[in-house]
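Listed below, chain by chain, are the residues.
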There are 2 protein chains.
Amino acid sequence: MTTPVAPDVAGPRAAYFVSDSTGVTAETLGNALLANFPGIRFLKHTIPFVVTDAEAHTVVASIDADADAGRAPLVFTTVKHAALRGILATSKATLIDLLAGHLTELETALGTTASEQLGQFHGLGDTDRYFARMRAVEYAIEHDDGQSSRALDQADVVIIAPSRCGKTPTTMYLALQHGLRVANYPLTDDDYPSEGLPRAVAKYGVRCFGLTTTPLRLSQVRHERRPSSQYSSLEQCTIELRRAEDLYRRNRVPFLNSSTKSVEEMSAVIMQTMKLRS
Amino acid sequence: MTTPVAPDVAGPRAAYFVSDSTGVTAETLGNALLANFPGIRFLKHTIPFVVTDAEAHTVVASIDADADAGRAPLVFTTVKHAALRGILATSKATLIDLLAGHLTELETALGTTASEQLGQFHGLGDTDRYFARMRAVEYAIEHDDGQSSRALDQADVVIIAPSRCGKTPTTMYLALQHGLRVANYPLTDDDYPSEGLPRAVAKYGVRCFGLTTTPLRLSQVRHERRPSSQYSSLEQCTIELRRAEDLYRRNRVPFLNSSTKSVEEMSAVIMQTMKLRS
């Protein structure tokens, strides 16, 4: 964590993610690369849909303005068209071409050349995927927080946990990014007297996945919603988490601790554990 | 679209996305690259959390099994640790290293070396981002389909459209990926008699964004929900879309046609138009 700031730049450096499509790929990989330099501050700009020469020149102008202001810009690009990349290369920035080099490697490996078309990767050629995601998101909304037991037999996974352990965002991520049908069910005080799983989900035990967290973290998150309540007290959080973890263990429900994990990480673990695919 | 299948491989080729973290970056860029070869079929495998030598050797064994079966595997990797990349390189596959090369470029540009730690990019160092996303997803669920007018003044954007034009998935994507507060409101027959915007959202006109689609596409999507109904008839869809577009134009509500766009594309256009940032 002691990476020094580059010697010749005073303030934050400019980082551009320039794309001929949505910018999702450029942002994802660009951010993954920048994360290796935690000691340097970056001012980030995403510029999607750069498809004409004029648009590329506009981007170059704004990059050069940053360069002139001493923000030594970095440009991460996934623009495919060679002419547009040529224009971006005229800017006063370090250009990091995320696609073109790998495309050449792939062409060699596959023994064929990539179609020269400006490929719309996220384009809706993929109607099935769109429907699957739409249905999955609607399913997730309907089944959020134990609201409905309708069609619970269709759930790919049922996430169970005490309130505020991260069920909802994880559910939505699995639905939206992977088209999975995910229900979630909140464990409350009523669910603990018995030995088994709560009645509402007992039939789907093999599809249950549990979340837990640390009492401190849970108390902090609950405090956000209801400050200084019994609900958010460290004592109450400690009891609920201990009971939930006991319930998971007794019923052989796989579970993970969400306290140090992002939504992406939790989703990846759940898919791996439950052997689910997009 | 006439890219030939590589001559020496009969069935689909194996494509692996191998990561020391969630696999999101490897999948995103790997898929963007493979999309350039629409004529070749790929059998895709995502392998997240490869962090030990033993795990890397297990991955190599499964890649080699694919190679021996004639599926000429491609491996896209974002694994950072050199020793692990060394193990992956011993497999009988074409290895495409998505991170290491660019990291070297970046080190040169920044005049410093990347921290050698196995960086957890998606790690929850970023508690603020987690809270923002969690709140945004809950806000989106509460305000889906015009369900609540509470705290509508806090919306970053209000998406309006007739039923089944893609409001819900786009809303959820903006909430989850960008932490934006998005409400959505369905335009129904009741909303058209007047000249202005529907009463529920009239106060927030400058934050409204409209969706439309083609009558054929809308009819197809509605048919999924209620086959052979008045609701899904081409005639009804044509009328509703014409009315909605008139309403957008009259009230200067920016709008886009969702029929050929993915959720990612719609979200990028909305953010660009409404000048929203993550």
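Since this is a predicted model, take the numbers as computed values, not measurements.

## Some points on the interface of chain A and chain B
Okay, step 1: Counting residues at the interface gives 89 residues for chain A, matched by 89 residues for chain B.
Okay, step 2: At the junction of chain A and chain B, the tally comes to eight salt bridges.
Okay, step 3: We note a salt bridge from Glu 138 of chain A to Arg 225 of chain B, for which the minimum N-O separation is 3.7 Å.
Okay, step 4: Seen at the junction of chain A and chain B, the total is nine residue pairs in polar contact (both at pLDDT 80 or more).
Okay, step 5: Looking at which element gives the most residues to the side of chain A that touches chain B, the answer is helix H5 (residues 127–142) of chain A, with ten residues.
Okay, step 6: Here the residues of the side of chain A that touches chain B are counted per class, giving 42 nonpolar, 27 polar and 20 charged.

## Digging into the packing of aromatic side chains
Okay, step 1: Scanning all chains against the criterion turns up six aromatic pairs over all chains.
Okay, step 2: Centre to centre, the rings of Phe 17 of chain B and Phe 76 of chain B are 5.8 Å apart; their planes meet at 35°, and the pair counts as tilted. Here Phe 76 of chain B lies in strand S3 (residues 74–77) and Phe 17 of chain B lies in strand S1 (residues 13–18), a separation of 59 residues in the sequence. Just as Phe 17 of chain B is buried, Phe 76 of chain B falls in that class too.
Okay, step 3: One Lys or Arg, Arg 222 of chain A, reaches over the ring of Tyr 231 of chain A and ends 4.3 Å from the middle of that ring.
Okay, step 4: Taking NZ or CZ as reference, Arg 226 of chain B lies 4.2 Å from the ring centre of Tyr 231 of chain B, over its face.

## A look at the pattern of salt bridges
Okay, step 1: The final tally for this structure, using the stated rule, is 26 salt bridges over all chains.
Okay, step 2: The residue Lys 92 of chain B makes a salt bridge to Asp 68 of chain B at a minimum N-O spacing of 3.0 Å. Taken together, the positions of Lys 92 of chain B in the loop between helix H3 (82–89) and strand S4 (94–97) and Asp 68 of chain B in helix H2 (residues 53–68) put the pair 24 residues apart, joining distant regions of the chain.
Okay, step 3: Each of the salt bridges in this network shares a partner with another, and the network as a whole consists of Glu 138 of chain A together with Arg 164 and Arg 225 of chain B.

## Observations concerning the relation of the copies chain A and chain B
Okay, step 1: In screw terms, the move from chain A to chain B is a rotation of 180° and a rise of 0.0 Å along the axis, fitting with an RMSD of 0.1 Å. The transformation relating the two chain copies, once decomposed into turn and shift, fits a two-fold axis. Measuring from the rotation axis to each C-alpha of chain A, the shortest distance belongs to Ile 141 of chain A, at 3.3 Å.
Okay, step 2: Most of the interface of chain A is mirrored in chain B, where 100% of its interface residues again form contacts.

## Description of the pairing of strand S7 (residues 208–212) of chain A
If a strand is regular, its side chains alternate between the two faces of the sheet.
Residue and element names in this part refer to chain A.
Okay, step 1: Most of S7 is tucked away, with five of its five residues classed as buried.
Okay, step 2: As paired elements, strand S5 (residues 157–162) and S7 share three bridges and run parallel to each other. Counted as the bridge partner of Ile 160 is Gly 210 from S7.
Okay, step 3: Sheet topology note: the S7/strand S8 (residues 255–257) ladder contains three bridges and is parallel. From the neighbouring strand, Gly 210 faces S8, where its bridge partner is Phe 255.

## Remarks on the environment of Leu 84 of chain B
All names here are of chain B.
Okay, step 1: Tracing the backbone through its elements, the reader meets Leu 84 in helix H3.
Okay, step 2: You can call Leu 84 buried: its relative accessible area is 2%.
Okay, step 3: Between the alpha carbons of Leu 84 and Gly 30 there is a distance of 19 Å; along the sequence they are 54 residues apart.
Okay, step 4: Ignoring anything within four residues of it in the chain, the contact list for Leu 84 reads Val 50, Val 51, Thr 52, Asp 53, Ala 56 and Val 79.

## Concerning the domain arrangement of chain A
Okay, step 1: Considered domain by domain, chain A is made up of domain 1 (13–110) and domain 2 (127–273).
Okay, step 2: Distance from the C-alpha centre of domain 1 of chain A to the C-alpha centre of domain 2 of chain A: 38 Å.

## Things to note about the sheet that holds strand S2 (residues 42–47) of chain B
All names here are of chain B.
Okay, step 1: Read from one edge to the other, the open sheet built from four strands follows the order S2-S1-S3-S4, with strand pairing classed as parallel. The sheet terminates laterally at S2 and S4, the two strands that pair on one side only. The sheet shows a mean angle of 20° between the axes of neighbouring strands, taken without regard to direction.
Okay, step 2: Against the sheet, H3 engages S1, S3 and S4, with an angle of about 155° to S4.

## Thoughts on the pairing of strand S6 (residues 182–187) of chain B
Residues and elements named next belong to chain B.
Okay, step 1: With six of six residues buried, S6 lies mostly within the body of the structure.
Okay, step 2: With burial as the criterion, each face of S6 is covered, one bearing Val 182, Asn 184 and Pro 186 and the other bearing Ala 183, Tyr 185 and Leu 187.
Okay, step 3: The pairing of strand S5 (residues 157–162) with S6 spans six bridges and is classified as parallel. Bridge pairing in S6 places Val 157 opposite Val 182.
Okay, step 4: Between the parallel pair S5 and S6, the chain is carried across by helix H6 (residues 167–178), and the sense of this crossover is right-handed.

Calculation criteria
Residues numbered from 1 in each chain as written. Chains lettered and ligands numbered in written order. Predicted model: local features only at pLDDT ≥ 70, side-chain atom pairs only at ≥ 80, totals over all residues. Heavy atoms only, no water. Contact = heavy atoms within 4.5 Å. Salt bridge = Lys/Arg side-chain N within 4 Å of Asp/Glu carboxyl O. Polar contact = N/O pair within 3.5 Å; in protein donor to acceptor, adjacent residues only side chain to side chain. Helix = DSSP H or I, 4+ residues; strand = E, 2+ residues; numbered from the N terminus. Nonpolar A, V, L, I, M, F, W, Y, C, P; charged D, E, K, R; others polar. Phe/Tyr/Trp six-rings, centres within 6.5 Å; stacked < 30°, edge-to-face > 60°. Buried < 20%, exposed > 50% of the residue type's maximum accessible area, 1.4 Å probe, protein only. Lys NZ or Arg CZ within 6 Å of the ring centre and 35° of its normal. Least-squares fit on C-alpha atoms with pLDDT ≥ 70 in both. Pairing = 2+ DSSP bridges. Domains from an automatic or database assignment. Axes fitted to C-alpha atoms, helices over the stretch in contact; angles between N-to-C directions. Right-handed = clockwise from strand over helix to strand, strands pointing away.

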